[in-house]
Each structure stands twice: as C-alpha cells, then as structure tokens.
Amino acid sequence: KIGAGLPELARKQLKACLRENADLFAWSAVEMPRLDPEVACHQLTVDLNAKYVVQRRRKQSPEKEEAA
C-alpha cells in the first residue's frame, strides 16, 4: 500500500506526486529499448546439490503478531 504508516496529508501528497510523474516510470521492458539486460536482470546462484533446511519458527509477541 502506498504510504503505509505516513500521516494522511503526506500520503495524499505522495500519491499526487506519483500520479503527476507516472510518465517517468517504465512499466515494461518495451519502454526501455536501450537498457542492457545484463544490468536489468538478475539470477540466483543456487547449488542444486544443496540440502533443504527448514528454519525454526520464530515466535513474536502477540502485539507484533497481530500487526503482521
């Protein structure tokens, strides 16, 4: 959600700024014709022979759990 945790006025100003400048953002790769894919793409280096490890569950206080 845009501006979560911000005061109402700041959230409205942020949304207005993003709407006014929406033309500055690229929404797909087609809108970035000269961008080198080596810069824009990433990959994860994963060892296919590695064993899976299940992390232990972390407990939180009831207040934090409710917020999450």
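Think of each chain on its own: its residues are numbered from 1, step by step along the sequence as written. Whole-chain, interface and lining totals are the exception, using all residues; otherwise, since this is a predicted model, local features are given only for residues with pLDDT of at least 70 and side-chain atom pairs are given and counted only at 80 or more. Excluded from the side-chain calculations are hydrogens and water; all other atoms, namely the structure's heavy atoms, are used.

(A) Inspection of the overall build of the chain at higher detail. We count a stretch as a helix when DSSP gives it H or I for four or more residues in a row; a strand needs E for two or more, and each element gets its number in order from the N terminus. Within the chain, the regular secondary structure consists of three helices and zero strands. Helices (α) and strands (β) of the chain occur, in sequence order from the N terminus, as α-α-α. The quantity called the radius of gyration is restricted to C-alpha atoms. Its globule counterpart is 2.2 Å times the number of residues to the power 0.38. For the chain, the C-alpha radius of gyration of 21 Å lies well beyond 11 Å, the compact-globule estimate for 68 residues. The cut-offs for exposure are 20% and 50% of the maximum accessible area for each residue type, with area from a 1.4 Å probe on protein chains only; residues under the lower value are buried, those over the upper are exposed, and the others partly exposed. A buried classification covers 3% of the 68 residues belonging to the chain. Here the accessible surface of atoms and residues is derived via Shrake-Rupley with a 1.4 Å probe, and residues count as covered only by protein chains that are part of the display. For the chain, the exposed area adds up to about 7500 Å²; of that, 56% sits on carbon and sulfur atoms. Placing the 12 positive and 10 negative side-chain charges of the chain at their respective mean positions leaves the two points 9 Å apart. As used throughout, the charge tally considers Lys and Arg to be positive and Asp and Glu to be negative, leaving His and the chain termini uncounted. In this description, the location of a charge corresponds to atom NZ of lysine, CZ of arginine, CG of aspartate or CD of glutamate.

(B) Here's a closer look at a nonpolar patch on the surface. Patch membership needs two things, relative accessible area over 30% and no salt bridge, and members are linked within 9 Å if like-charged or within 5 Å if nonpolar (Val, Leu, Ile, Met, Phe, Trp, Tyr). A side-chain nitrogen of Lys or Arg and a carboxyl oxygen of Asp or Glu constitute a salt bridge if their distance falls within 4 Å. A contiguous nonpolar surface patch, about 600 Å² in accessible area, is contributed by L6, L14, L18, L24, F25 and W27. Looking at the secondary structure, you find L24 in the loop between α1 (8–20) and α2 (37–40). With a relative accessible area of 64%, L24 lands in the exposed category.

(C) View of the packing of aromatic side chains. Stacked, tilted and edge-to-face are the three classes applied to pairs of Phe, Tyr and Trp rings, where Trp contributes its six-membered ring and a pair requires centres within 6.5 Å; stacked means planes under 30 degrees apart, edge-to-face means over 60, and tilted covers the rest. Evaluated as defined, the whole model comprises one aromatic pair. Ring geometry for F25 versus W27: centroids 6.0 Å apart, planes at 45°, classification tilted. The class for W27 is exposed, based on a relative accessible area of 64%.

(D) View of the pattern of salt bridges. For the coordinates displayed, the defined rule picks out one salt bridge. Residues R11 and E8 are paired through a salt bridge, measuring 2.6 Å at the closest nitrogen-oxygen approach. Here the residue R11 and the residue E8 both occupy positions in helix α1, the gap between them amounting to three residues, near one helical turn. Its relative accessible area of 16% is what places R11 among the buried residues.

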